[in-house]
Amino acid sequence: METKILTASKQDIALAGKILREGGLVAFPTETVYGLGANALDENAVKSIYAAKGRPSDNPLIVHIAKKEDISPLVKEIPPKAEKLIDAFFPAPLTIILNKSELVNDTVSGGLKTVAFRMPKNEIARAVIEAAGVPIAAPSANTSGLPSPTKASHVISDMTGKIDAIIDGGDCEFGVESTVITLAGETPVILRPGAVTKEMLEEVIGKVELAGAVLSEMKEGEKAASPGMKYKHYSPKARIILVDGDKKSFEKFVNSKKDAFALCFEGDNISIPKVTFGREGDDLSQAKLLFDKLRELDELGAKKVYARVPDKNGVGMAVYNRLIRAAAFNVIDLNKPFTIGLTGQTGAGKGWVCESLIKRGFTVIDSDLVARNVVKKGSPVLNRLQRAFGEDVVKDGELNRPLLADRAFSEKEETEKLNAIMHPVIIEECIKQSEIPCVLDAPQLFEAKAEKYCYKIICVCANEEKRIQRIMRRDGISRERARVRINAQFDEKYYIDHSDYVIYNNGEDTDEQLNTILEEIL
Ligand code: TXA
Ligand code: MG
């Protein structure tokens, strides 16, 4: 099919109206995103929207109208709160859901008893609907699953050859889709946040709830208040990971990453390839750019993207809602970068649990390995060790480990000095390496005070005799020396008291214990 590119001229709008009236598909700009319109009363025309987008047929469409008078034929009744919202806001980036009338077919409503409608603020959009002379069903004009289009070029890239015409009306004002609120139930509920914020709605009709699925992932089997919530959304091909933290910690984290892009705010100091979406704290600028920048990341061939988390205030809630879906709810919280902190007494068989976690897809960060790497030649920490333990602990740039161990483990105070230097450096490096889901494997987790960086802590314990046998075998040392090592650590009670979960690794059912714990954590 040839796709005509139209302008917003009178002639072209009349032509768009004619195409729509006759059952064709036309994409047009709105103040939110571009819509893909069809005559809402023509079931076949509406079906072709689902086909062009590749959209699941149970995901209902919004019916767009040009005048407030066009609402009543679509609905059973207009309750007082709906009346108030319509009076206060329409035309606006606001969609209202009410019980539908017979006029609205099941293809538009996705089989639901309700209908979503909105009167766009954008004048080209209203002119097109007016010209068509019928209500216009219009989802966002993107291929299902991709970011919504905020520029004509996005629609051209997704829809050329699949629809009759595209009206190029420039960039969309807001850049995120309309706020969707249902008034079909007892309390008004926001199903999708947008430019008309919760606060703005509450000023007019009082208490409004935010549907749970706006901010968090739906559980398996949970029923969606809005079918659109259950589908993967807005996602570019790149894997997006949200990174929650302030500007400084975001920069530090991201700048240590290789083969990745940053999706950040203007003015962030980023040394890896980056794309910016607006200014920090400026929700409107972020909303306007987000979808365009997600598409740009694909054009740049980004495979993995670390994105800064926007504030959730005002329209920021809508930005956050779209971004967290684009990220499939993958968030690294820089205050708690490790999903699991894994620790345990020496000889308890922590290594075995690590291997099981790797097999289950976790990234495991080995703090012992990191500890060895941070004292490599040239590392700034070597100077600090020299100042604390003597010039000669470093020779020709290399750390003299036995000498350092001699001095640092001679007395408790010296050991504490060593830990005070090493632990923060090790933790910082581990945080840089964190991924999701991620395990920090740290025998000295508690000594290093790393609990606060872990979402949950698992400790591995085992019978003392088993542990002694394992240490003797593993390190080739005597029973007495094995016991000295055991006694140098916290006792079992300490580990258990400071952990969220305990695995008893005495040889049986360890795998089942781990499964049960992971089910709870994830
Ligand atoms: O800003 C917008 O609303 C844009 C422009 C083109 O107007 N349109 C748009 O449509 O975003 P769409 O189809 O991409 O998103 C409509 C959302 C979907 O999540 C859908 O599940 C939900 O609204 N929805 C539609 N009718 C519904 C209903 N009766 N009950 C619950 N949710 C409904
Ligand atoms: Mg959409």
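This is a predicted model, so every value here is computed, not measured.

1. A closer look at the sheet that holds strand 12 (residues 239-244)
Moving on, step 1. Taken together, the 5 strands give an open sheet; going across it, the order is 14-13-15-12-16, and neighbouring strands pair in parallel fashion. Taken across any chain shown, the strands that pair with only one partner, and hence form the sheet edges, are strand 14 (274-276) and strand 16 (331-333). Averaged over all pairs of adjacent strands, the angle between their axes in this sheet comes to 25°, without regard to strand direction.
Moving on, step 2. In this sheet, strand 15 (residues 304-308) lies alongside strand 12 in parallel orientation, the contact comprising 5 bridges. Following the sheet pairing, Val243 is matched in strand 15 by Arg308.

2. Description of unusual backbone geometry
Moving on, step 1. Residue Phe90 is joined to Pro91 through a cis peptide bond whose omega torsion reads -5°.
Moving on, step 2. Considering the arrangement of structural elements, one finds Pro91 in the loop between helix 3 (80-89) and strand 5 (94-99).
Moving on, step 3. In the segment running from Ile436 into Pro437, the intervening peptide bond is cis, with an omega of -10°.
Moving on, step 4. One non-glycine residue, Ala328, adopts positive backbone phi at about 50°.
Moving on, step 5. Looking at where Ala328 falls in the secondary structure, it is placed in the loop between helix 10 (316-326) and strand 16.
Moving on, step 6. Of note in this structure, Asp396 is not a glycine but carries a positive phi near 50°.
Moving on, step 7. Checked against the element boundaries, Asp396 lands in the loop between strand 19 (394-395) and strand 20 (398-399).

3. Notes on the pattern of salt bridges
Moving on, step 1. Counted by the stated rule, this structure contains 30 salt bridges.
Moving on, step 2. Here Asp292 makes a salt bridge to Lys151, at a shortest N to O gap of 3.9 Å. Taken together, the residues Asp292 in helix 9 (residues 283-299) and Lys151 in the loop between strand 7 (136-137) and helix 6 (152-159) connect sequence positions 141 residues apart.
Moving on, step 3. By relative accessible area, which is 13% here, Asp292 ends up buried.
Moving on, step 4. In the salt-bridge network here, residues are joined through shared partners; they are Lys247, Glu251, Asp268, Glu280 and Arg308.

4. Concerning the site of ligand 1
Moving on, step 1. Near ligand 1 lie 26 residues; those nearest to it are Thr32, Asn59, His64, Ser178 and Gly228.
Moving on, step 2. Ser140 is positioned with one of its side-chain polar atoms (N or O) 3.0 Å from an oxygen atom of ligand 1.
Moving on, step 3. Looking at the shell around ligand 1, the elements that each hand over two or more residues are strand 4 (62-64), strand 6 (114-118) and strand 10 (189-192).
Moving on, step 4. Residue contributions to the shell around ligand 1 peak at 3 residues, all from strand 6.
Moving on, step 5. Looking at the shell around ligand 1, its residues break down into 13 nonpolar, 9 polar and 4 charged.

5. Considering the packing of aromatic side chains
Moving on, step 1. According to the stated counting rule, one finds 7 aromatic pairs in the structure shown.
Moving on, step 2. On the basis of an interplanar angle of 80° and a centroid distance of 6.1 Å, the ring pair of Phe90 and Phe117 is categorised as edge-to-face. In this pair, Phe90 sits in the loop between helix 3 and strand 5 while Phe117 sits in strand 6, placing the two residues 27 residues apart along the sequence. A single burial state applies to Phe90 and to Phe117, both of which are buried.
Moving on, step 3. The interplanar angle of 80° and the centroid separation of 5.7 Å between the aromatic rings of Phe446 and Tyr494 together place this pair among those described as edge-to-face.

Rules used in this analysis
- Per-chain numbering applies: the sequence of each chain, read as written, is numbered from 1 onward.
- Here chains are named by letter from A upward and ligands by number from 1 upward, in the order in which they appear as written.
- Per-residue local features are limited, in this predicted model, to residues with pLDDT of at least 70; the limit for side-chain atom pairs, both in listing and counting, is 80 or more; totals at the level of whole chains, interfaces and linings are taken over all residues.
- The side-chain figures draw on all heavy atoms in the structure; neither hydrogens nor water molecules are used.
- Paired strands, in this sense, are two strands between which DSSP finds at least two bridges.
- Only runs of H or I of at least four residues qualify as helices and only runs of E of at least two qualify as strands under DSSP, and these elements are numbered from the N terminus.
- Lines fitted to C-alpha atoms define the axes, with helix axes restricted to the stretch in contact, and inter-axis angles between N-to-C directions lie between 0 and 180 degrees.
- Definition used for salt bridges: Asp or Glu carboxyl oxygen within 4 Å of a side-chain nitrogen of Lys or Arg.
- Relative accessibility thresholds used throughout: buried, under 20% of the residue-type maximum; exposed, over 50%; partly exposed, between the two (1.4 Å probe, protein chains only).
- One heavy atom suffices: a residue is near a molecule or strand as soon as one of its heavy atoms comes within 4 Å of it.
- Within 3.5 Å is the distance limit for a polar contact, defined as a pair of N or O atoms, with the added protein rule that one can donate a hydrogen and the other accept it, and that residues adjacent in sequence qualify only through two side-chain atoms.
- Charged means Asp, Glu, Lys or Arg here, nonpolar means Ala, Val, Leu, Ile, Met, Phe, Trp, Tyr, Cys or Pro, and polar covers whatever is left, Gly included.
- Under the pairing criterion, centres of Phe, Tyr and Trp rings, with the six-membered ring standing for Trp, must be within 6.5 Å; the plane angle then separates stacked pairs below 30 degrees from edge-to-face pairs above 60, leaving the rest tilted.

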